[in-house]
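# Architecture and fold: a report
Below are the chains, spelled out letter by letter.
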Amino acid sequence: VNIREAVPLKDHTTFKIGGPARFFTAVTSKEEAVEALAFAREKEIPFYIVGKGSNLLFDDSGFPGLVICNGIGGMKIEGDRVWAGAGYSFSLLGVQTARSALSGLEFASGIPGSVGGAVYMNAGAGSFETKDSLVSVEFIDSAGKTHLYSKEELVFRYRYSSFHEMKGLITSATFALTPDPQARLKQLQLVNYRTKTQPYSDPSAGCIFCNPPGESAGRLIEQCGLKGLRIGGAEVSTLHGNFIVNREGATASDVLDLVEEIKRVVKEKTGHELHMEVRRV
Ligand SMILES: Cc1cc2nc3c(=O)[nH]c(=O)nc-3n(C[C@H](O)[C@H](O)[C@H](O)COP(=O)(O)OP(=O)(O)OC[C@H]3O[C@@H](n4cnc5c(N)ncnc54)[C@H](O)[C@@H]3O)c2cc1C
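Right, let's walk through the structure included here. Computed from a predicted model, the values in this text were never measured in an experiment. (Residues numbered from 1 in each chain as written. Predicted model: local features only at pLDDT ≥ 70, side-chain atom pairs only at ≥ 80, totals over all residues. Heavy atoms only, no water.)

## Brief notes about the sheet that holds strand β6 (residues 75-78)
The strand order across the open sheet formed by five strands is β6-β7-β15-β11-β12, and the pairing between neighbours is antiparallel. The two strands at the open ends of the sheet, each matched to only one other strand, are β6 and β12 (146-150). Strand after strand, the sheet turns through a mean of 15 degrees between neighbouring axes, direction not considered. The pairing of β6 with strand β7 (residues 81-85) spans four bridges and is antiparallel. Following the sheet pairing, Met 75 is matched in β7 by Ala 84. (Pairing = 2+ DSSP bridges. Helix = DSSP H or I, 4+ residues; strand = E, 2+ residues; numbered from the N terminus. Axes fitted to C-alpha atoms, helices over the stretch in contact; angles between N-to-C directions.)

Rendered as structure tokens:
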């Protein structure tokens, strides 16, 4: 694999924030992933996997080890089973399965992540989650060994999977969908709603906070009058209260200062404790 040094991480996240990775590599096959993991092991440095970087906030100081950007692609539909490489676009997977009249991943269309990132985060929208149609996940651990996990061997909760506790790289996932002639229509309705209610043109990392049980973080933030609040280049979206957008050269510390301010006001005015959904590295 081609290992580069001092690569700016702002170029690999949708937030457009983050200092340099000491080492950086992009992998497009399992063999390359094994080699990249071996490099980190031999050098005794930490590694971090990035998919499409749509749920990440890297520090302004960057990352002191190896960042592995996963681009293992490929997608195959066989009957109602769908296999996808972890670097495949989750949004495209949602569109293509719906076009094939298969239901279960319509909600994925418009989520700008990779299949691996969606599995890791158990991405979801409305009442749908990635785990719902998931069958199995292939994973390479930090020692380079391949594992095939069935869904039942893994734990999934709201924006959480067992992979948060594991060190390695998801290489592919298999889903079981349901034949449904209405799938394409449902997918189009979902994506239409999404583009009306979420700021798509400004750099962000999607929802910044998890929804507290039975509540909407966006609604609480709006109730507290925080939409439009700005610190440095980071601003609470005027369209969706749970999005922080990078208005103009925001730094990670601008975002974190804004996060702390939102948490403080929301706690004071509503009693709710907000927790970040975006992964801070
Ligand atoms: C405009 C916008 C809208 C969004 N809407 C939604 C939404 O509706 N619902 C939702 O759930 N999320 C949403 N998100 C957040 C984000 O798109 C999802 O969390 C997505 O699943 C992240 O995928 P990714 O490939 O970008 O992961 P990254 O951001 O690159 O990584 C996220 C985490 O997953 C890990 N990871 C990624 N790939 C792998 C892999 N192959 N192996 C091991 N670990 C891996 C990373 O280490 C990191 O901890 C939105 C984001 C944006 C910018």
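## Looking at the pairing of β12
Relative to β12, strand β11 (residues 134-141) is paired through five bridges, and the arrangement is antiparallel. Within the sheet, the bridge partner assigned to Ile 140 lies in β12 and is Thr 146. Counting the residues that bridge the hairpin from β11 to β12 gives four residues, and of these Gly 144 lies at a positive phi of roughly 95 degrees.

## Some words on the environment of Val 137
The residue Val 137 is located in strand β11 in this model. For Val 137, the residues in contact, after removing those within four places along its chain, are Val 119, His 147, Leu 148, Tyr 149, Leu 154, Phe 163, Ile 170, Ser 172 and Ala 173. (Contact = heavy atoms within 4.5 Å.)

## Some thoughts on the site of the ligand
Near the ligand, the surroundings consist of 35 residues, among which Ile 49, Gly 51, Ser 54, Ser 114 and Gly 124 are the closest. One of the side-chain N or O atoms of Ser 114 is found 2.6 Å from an oxygen atom in the ligand. Taking Gly 117, its main chain carries an N or O atom lying 3.4 Å from an oxygen atom of the ligand. Protein burial of the ligand: of its 970 Å² of free accessible surface, 96% is covered by the chains. If one sorts the elements of the shell around the ligand by residue count, helix α3 (residues 115-121) sits on top with five residues. Each residue belonging to the shell around the ligand can be placed in one class, and the counts come to 16 nonpolar, 15 polar and four charged. (Near = heavy atom within 4 Å. Polar contact = N/O pair within 3.5 Å; in protein donor to acceptor, adjacent residues only side chain to side chain. Areas by Shrake-Rupley, 256 points an atom, 1.4 Å probe, with all protein chains shown as cover. Nonpolar A, V, L, I, M, F, W, Y, C, P; charged D, E, K, R; others polar.)

## Observations regarding the nonpolar core
Among the nonpolar cores identified, the biggest contains 27 residues, and Phe 90, Leu 93, Val 115, Val 119, Phe 163 and Phe 175 are the most heavily contacted of them. The set of elements that each furnish at least two residues to this core consists of β7, α2 (90-99), α3, β11 and β15 (168-176). What Phe 175 contacts, discounting residues up to four positions off in sequence, is Asp 80, Arg 81, Val 82, Leu 93, Leu 105, Val 115, Thr 130, Ser 133, Leu 134 and Val 135. Within the second largest apolar cluster, 25 residues are counted, among which are Ile 17, Ile 221, Ala 252 and Ile 262. (Core = buried A, V, L, I, M, F, W, Y, C linked by side-chain atoms within 4.5 Å. Buried < 20%, exposed > 50% of the residue type's maximum accessible area, 1.4 Å probe, protein only.)

## As for the side chain of Asn 55
Topologically, Asn 55 is positioned in the loop between β3 (47-50) and β4 (56-57). You can call Asn 55 buried: its relative accessible area is 14%. Apart from residues lying up to four places away in sequence, Asn 55 is in contact with Met 121, Ala 205, Cys 207, Glu 277, Val 278 and Arg 279.

## Some points on α2
Judged by how many residues are buried, α2 sits mostly within the fold: seven of 10 residues are covered. Phe 90, Ser 91, Leu 93, Gly 94, Val 95, Thr 97 and Ala 98 are the residues of α2 that are buried. Tucked into the core, α2 has its buried residues touching β6, β7, β8 (102-103), α3, β15 and α4 (183-197). Ala 101 sits one or two positions beyond α2 and adopts a positive phi of about 60 degrees.

## Regarding the packing of α2 against α4
Describing two packed helices takes the angle between their axes plus the distance from one axis to the other. Contact geometry for α2 and α4: axes closest at 7 Å, N-to-C directions at 150 degrees. Considering only the axes of α2 and α4, their crossing is left-handed. Across the interface between the two elements, Gly 94, Val 95, Ala 98 and Arg 99 from α2 touch Ala 183, Arg 184 and Gln 187 from α4. Here the residues of the contact of α2 with α4 sort into three nonpolar, two polar and two charged. (Left-handed = near helix turned anticlockwise from the far one by under 90°.)

## Focus on the packing of aromatic side chains
Going through the model one piece at a time under the given rule, you end up with eight aromatic pairs. Measuring from centroid to centroid gives 5.2 Å for Phe 23 and Phe 39, while their planes differ by 75 degrees, and the two rings are edge-to-face. Of this pair, Phe 23 sits in strand β2 (residues 20-27) while Phe 39 sits in helix α1 (residues 30-43); the two residues are 16 residues apart in sequence, bridging distant segments of the chain. With respect to burial, Phe 23 and Phe 39 carry one shared label: buried. Ring centres of Phe 139 and Tyr 149 lie 6.2 Å apart, and the angle between their planes is 55 degrees; on these two criteria the pair is classed as tilted. Placement of Phe 139 in strand β11 and of Tyr 149 in strand β12 is noted, with a sequence separation of 10 residues between them. Note on Tyr 149: relative accessible area 18%, which makes it buried. A connected cluster of aromatic rings, assembled from ring pairs, spans Tyr 48, Phe 58 and Phe 63. In this structure, Lys 167 packs its charged tip against the face of Phe 47, placed 5.0 Å from the ring centre. (Phe/Tyr/Trp six-rings, centres within 6.5 Å; stacked < 30°, edge-to-face > 60°. Lys NZ or Arg CZ within 6 Å of the ring centre and 35° of its normal.)

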